[in-house]
Number of protein chains: 2
Amino acid sequence: MAVRTIEWREGCVVMLDQRLLPTREVYRVYRDHREVARAIKDMVIRGAPAIGVAAAMGIALGARSLKPGGDLAREFDRLCRTFAATRPTAVNLFWAIDRMRRVFVRNQHRSLDTLRTLLEREALAVHDEDVATNRRLGTHGAALLEDGATVLTHCNAGALATAGYGTALGVIRAAREAGKRIQVIACETRPFLQGARLTAWELKKDRIPVTLVTDNMAGHLMQRGRVSAVIVGADRVAANGDVANKIGTYGHAVLAHRHAIPFYVAAPLSTVDLGCPRGDRIPIEERPGREVTHVFDRQIAPSGIKVVNPAFDVTPSELVTAIITERGVALQPLGRSLARLVRGAGAAAPVAPAKPARKSEPRRERRR
Amino acid sequence: MAVRTIEWREGCVVMLDQRLLPTREVYRVYRDHREVARAIKDMVIRGAPAIGVAAAMGIALGARSLKPGGDLAREFDRLCRTFAATRPTAVNLFWAIDRMRRVFVRNQHRSLDTLRTLLEREALAVHDEDVATNRRLGTHGAALLEDGATVLTHCNAGALATAGYGTALGVIRAAREAGKRIQVIACETRPFLQGARLTAWELKKDRIPVTLVTDNMAGHLMQRGRVSAVIVGADRVAANGDVANKIGTYGHAVLAHRHAIPFYVAAPLSTVDLGCPRGDRIPIEERPGREVTHVFDRQIAPSGIKVVNPAFDVTPSELVTAIITERGVALQPLGRSLARLVRGAGAAAPVAPAKPARKSEPRRERRR
């Protein structure tokens, strides 16, 4: 794979430092689990599935320094809580921690060496399964895109947001592997600029045609008929199909709805939180104001200005055309379809693929 | 006035260089009309009414170097065309040039000195009338805001976008002068960051409470009940009430509509182009891609990435609650109301003021 987001290498966690992209490609080597937790918090790595992998690897790393004879269960719990405290919104984080916990609980009577090996193996499984999941998800999603489609995406739900291949960008990769000519409009995604820095970078690296725009251009492009479909990732999907994703997703969904453009969410089932009935129960992380007032180190706003910086928003289920998962595509009503998929009851019925964007002259928009 | 955007001083045009705000307050002195035209193009000054004033002053400045005995009409025409070529979307530019042309045509038989004096006087009139217009517009608009309202605005339709006082921000200033506690949410307005750099700066300077957000946070804030009204300026209003304004305005209008939040446009009647039947006839300026790929001089996207950068979008009339002008508030149907106001047929009926934003807990959004 062209993009190596996170790897387990000789007892270390190696991450591409995403804060330095797109101008510098720097890999960080972590030997201490606290450094891994700090890297998640500081967004060296981000994207819900990638955060899950990083937490699993971080816990495996932390297990190496568990002392024999101590209160192992308590030490391990402290380790897990270090990771649970890094980012509040991504449910994959808690899902990955739970997987590691279960391995621990099942095997805590065994030797510490065996336990460490099993935890390491589980972390690698979380990584490898994520790539496999994304490839399956991609195949299901690719069927929704017609040859020639232009897909608008927000933030980065790509190889960089996962162990590899990506969710939203995985759908695009799979469609292209199936021979379809797909092009991408990447919204820059303020304040952290994941679209400009990461999506544009990884698509360019993979030679997938991409046009960069500011977030507030999406409506204009839809109005001019230049968007065939929107595909985004998710940080958490509630049981009713409400979707928490990067701030700005909700605005794109409302605009897509107005223009009758399909709005797809690509997310592994590990992102679905059946314990959370509705989106308004999902905690929304508030991040430092400096992300808004500064771009890298350049100050763009008056000193001392008041800022709010919610990292995510919630798109209500009714605005989501379908949720693309590794077990198939969940259609409306999303709550029922998701529950079926989580139970393993198989894929939903196929839907008609999104047509290419009109290349014609600007027209009067559809009255509703 | 705390903010001095543009002045005529001893035969020079003096402008605050808005590209350096908010960290540096630098005034440029122009002695040559070509420098003024370049300043408009390079966005030293921006905002439709301010561009009109700058063009008028630039033409007055250019008239000082007209040679007696030459083909005066041709020289003057060339001068006007220099300014007409600076920015294509703002109709006030063409309106101001027309005013200067009319003074020229009416007085071209008189001495060159008299002609120059009359042109200078006309440019000063364009400036002073703009401030007076904004104050009247502000008074009409202030009636639409209740005590305690939170107003979301986009770009900068403030003192910095006009000869002074502002249009959208003029409404807020007038409401506060009337004793109402109004606070502002300023959207940063990518790519040129007029909200972060200019609106936040001038409101802070005037001690008006302001919170800065990225453009893509507007939907989330509306969903959480934290916005009472949206007020924006306009670069051109078509005869049917379609509004061309800074890119991103359309998205805010669609979101406001979904959340039943009033969406107001504050614009002097000089912004209304009755010769333009509908918004899709308004030319949309495409600006350099570097504005998207760089913030100041910091590169934020991969080198060589494809970019589009439309500077404006068009909000269809149906999404505009009312247009606030110096002669009163145009209500739906906007086409008819605007025509009445342009003819001087008086203000429209009063409308109920926007209520304060709910301070309550996030709620489930209104289903439609």
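In this report, the structure presented in the accompanying data block is examined. Remember, predicted model here, so these are calculated numbers, not experimental data.

### So, the interface of chain A and chain B
Part 1: Contacts between the two partners involve 66 residues from chain A, matched on the other side by 66 residues from chain B.
Part 2: Taken together, the connections running from chain A to chain B amount to four salt bridges.
Part 3: Glu318 of chain B serves as the salt-bridge partner of Arg258 of chain A, at 3.1 Å between the closest nitrogen and oxygen.
Part 4: Our count for the contact surface shared by chain A and chain B stands at 23 residue pairs in polar contact (both at pLDDT 80 or more).
Part 5: For the side of chain A that touches chain B, the elements supplying multiple residues, two or more each, are α7 (194-205), β6 (210-213), α8 (218-223), α9 (249-258), β13 (298-299), β14 (306-307) and β15 (312-315) of chain A.
Part 6: Looking at side-chain class alone, the side of chain A that touches chain B contains 30 nonpolar, 17 polar and 19 charged residues.
Part 7: Bridge analysis of β6 of chain A against strand β14 (residues 306-307) of chain B gives two bridges, and the strand direction is parallel. Bridge pairing links Thr211 of chain A to Lys306 of chain B in β14 of chain B.

### Considering the packing of helix α2 (residues 48-63) of chain B against helix α3 (residues 72-84) of chain B
Residue and element names in this part refer to chain B.
Part 1: Closest axis-to-axis distance for the α2/α3 pair is 10 Å, and the angle between their directions is 150 degrees. The angle between α2 and α3 places the two elements in the roughly antiparallel class. Every pair of crossing elements has a handedness; the one defined by α2 and α3 is right-handed. Contacts between α2 and α3 involve Ala54, Ala55, Gly58, Ile59, Gly62 and Ala63 on the former and, on the latter, Phe76, Leu79, Cys80 and Phe83.
Part 2: Residue classes in the contact of α2 with α3 are distributed as eight nonpolar, two polar and no charged.

### Section: the pairing of strand β10 (residues 263-266) of chain B
All names here are of chain B.
Part 1: Residue alternation in β10 divides its side chains into two sets, Phe263 and Val265 and Tyr264 and Ala266, and both sets are buried.
Part 2: Two elements, strand β7 (residues 229-232) and β10, share three bridges in a ladder whose sense is parallel. Considered in β10, the bridge of Ile231 is made with Tyr264.

Conventions we followed
Residues numbered from 1 in each chain as written. Chains lettered and ligands numbered in written order. Predicted model: local features only at pLDDT ≥ 70, side-chain atom pairs only at ≥ 80, totals over all residues. Heavy atoms only, no water. Contact = heavy atoms within 4.5 Å. Salt bridge = Lys/Arg side-chain N within 4 Å of Asp/Glu carboxyl O. Polar contact = N/O pair within 3.5 Å; in protein donor to acceptor, adjacent residues only side chain to side chain. Helix = DSSP H or I, 4+ residues; strand = E, 2+ residues; numbered from the N terminus. Nonpolar A, V, L, I, M, F, W, Y, C, P; charged D, E, K, R; others polar. Pairing = 2+ DSSP bridges. Axes fitted to C-alpha atoms, helices over the stretch in contact; angles between N-to-C directions. Parallel < 35°, antiparallel > 145°, perpendicular 65-115°, else oblique. Left-handed = near helix turned anticlockwise from the far one by under 90°. Buried < 20%, exposed > 50% of the residue type's maximum accessible area, 1.4 Å probe, protein only.

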